[in-house]
Amino acid sequence: MRVYITGNKGQLGVALTRQWSDSADVLGSDLPEVDITDQDIITQEIVSAEPDLVVHCAAMTNVDGCAEQPDLAYRVNVLGAQNVAIAANVAGASIVHISTNEVFSGNDERAYHEFDAPDPINPYGKTKAAAEWIVSHLSNRFYIVRTAWLYARGGRNFIHAIMRGADEGGPLRVVTDEVANPTYVEDLAEAIISLSGTGRYGVYHLVNEGATSRYQFARQILELTGNGDVPIERILRAQWSRASTPPEFAPLENNAAAALGIRLRHWQNALSEYLTTDD
């Protein structure tokens, strides 16, 4: 099988490329060489690669940046997804489109299922919901994969911020009223590879099992790194100034993939491995 990954320099693209390398011919692109907002360029890249499958990871994922630059977020996340979906069609390839729990409002009191109606409350979520709609209407062979709170080695994420704060001695300020599923990129990549081999197209929630608040996530990080004595001030989202408003309670429930035998381990087990395994 030949796979083409957009955003192959990103955390998920890197993990997919590494894990797939033994069983597939993996190609891909990223900025600055290839811009998904340029339809001619991305079509030429994908068609010339002759892939069986396109995995669309490239996106503007800076949630606050999307709120600050909504026009750019629209061009990258919506028009970019449209360009990639069209190119996949021209190439005769199926497509995996990576999406997010932020397509939901977070106003319900239960985890979201795959076919709950998207109801985003911020510019990032709105662009990703629009991208889902476009991909699902342009392609007959698509997997829409929603995930949440993704983390990987290298780069910047919530875990790095907490560990940096611990190194500085704290105290930390972490919100208690934002709940979702912390997801380890290596587990997500493995699940996507398994899912893409099923031919069971549709909408999927691929997250590590269980849900937690940002505060409890931070507390677990500190405990596992021997920093349990670092103080954390519990705050509400309203007390943390930022450009975007994340959904309050937006854990995802994995029903569709689990029915195919594809499950991700509990988030606490994944976090423990991430923090205790050398690079």
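First, a word on scope: everything that follows refers to the structure included in this document. This is a predicted model, so every value here is computed, not measured. (Residues numbered from 1 in each chain as written. Predicted model: local features only at pLDDT ≥ 70, side-chain atom pairs only at ≥ 80, totals over all residues. Heavy atoms only, no water.)

## Let's talk about the overall build of the chain
Here is step 1: For the chain, the helix and strand inventory stands at 9 helices and 12 strands.
Here is step 2: In summary, the chain has a C-alpha radius of gyration of 18 Å against a globular reference of 19 Å for 279 residues, a match within 12%.
Here is step 3: Each principal axis of the C-alpha atoms in the chain carries an extent, and together these give about 55 × 40 × 40 Å.
Here is step 4: Taken over 279 residues, the chain has a buried fraction of 52%.
Here is step 5: Summarising the internal contacts of the chain: among those between residues at least 6 apart in sequence, 79% fall at separations of at least 24.
Here is step 6: About 12,600 Å² of surface is accessible on the chain, with carbon and sulfur atoms providing 46% of the total.
Here is step 7: Both charge centroids of the chain, one from 21 positive and one from 36 negative side chains, sit 2 Å from each other. (Helix = DSSP H or I, 4+ residues; strand = E, 2+ residues; numbered from the N terminus. Rg over C-alpha atoms; globule rule 2.2 N^0.38 Å. Buried < 20%, exposed > 50% of the residue type's maximum accessible area, 1.4 Å probe, protein only. Contact = heavy atoms within 4.5 Å. Areas by Shrake-Rupley, 256 points an atom, 1.4 Å probe, with all protein chains shown as cover. Lys, Arg positive; Asp, Glu negative; His and termini not counted. Charge placed at Lys NZ, Arg CZ, Asp CG, Glu CD.)

## Describing the environment of S105
Here is step 1: Along the polypeptide, S105 turns up in the loop between β4 (94-100) and α5 (123-138).
Here is step 2: A residue is classified by how much of its surface remains accessible, and S105, at 6% relative accessible area, is buried.
Here is step 3: C-alpha of S105 to C-alpha of L252: the two residues are 147 residues apart in sequence and 12 Å apart in space.
Here is step 4: A polar side-chain atom of S105 sits 3.2 Å from the main-chain amide nitrogen of N107. (Polar contact = N/O pair within 3.5 Å; in protein donor to acceptor, adjacent residues only side chain to side chain.)

## Concerning the sheet that holds strand β5 (residues 142-147)
Here is step 1: Spatially, 6 strands are ordered β2-β1-β3-β4-β5-β10 in an open sheet, and the strand pairing comes out parallel. Whereas interior strands pair on both sides, the edge strands pair on one side only; in this sheet they are β2 (25-29) and β10 (202-205). Across the sheet, the mean angle separating the axes of adjacent strands is 20° when strand polarity is ignored.
Here is step 2: Relative to β4, strand β3 (residues 53-56) runs parallel, the two being bridged by 4 bridges. Residue pairing in the sheet places V55 in a bridge with V96 of β4. (Pairing = 2+ DSSP bridges. Axes fitted to C-alpha atoms, helices over the stretch in contact; angles between N-to-C directions.)

## Observations concerning the pattern of salt bridges
Here is step 1: Evaluation of the coordinates by the stated rule reveals 13 salt bridges.
Here is step 2: Salt-bridge contacts for R242 lead to D64; the nearest nitrogen and oxygen are separated by 3.0 Å. One end of the pair, R242, is in the loop between β12 (232-235) and α9 (267-276); the other, D64, is in helix α3 (residues 63-68), and 178 residues separate them in sequence.
Here is step 3: Close ionic contact of D116 with R110 constitutes a salt bridge, the shortest N to O distance being 3.0 Å.
Here is step 4: For D116, a relative accessible area of 17% puts it in the buried group.
Here is step 5: Judged by its relative accessible area of 37%, R110 is partly exposed.
Here is step 6: Because the salt bridges share partners, they merge into one network encompassing D177, R237 and E248. (Salt bridge = Lys/Arg side-chain N within 4 Å of Asp/Glu carboxyl O.)

Limitation: the analysis is restricted to geometry and does not speak to function.
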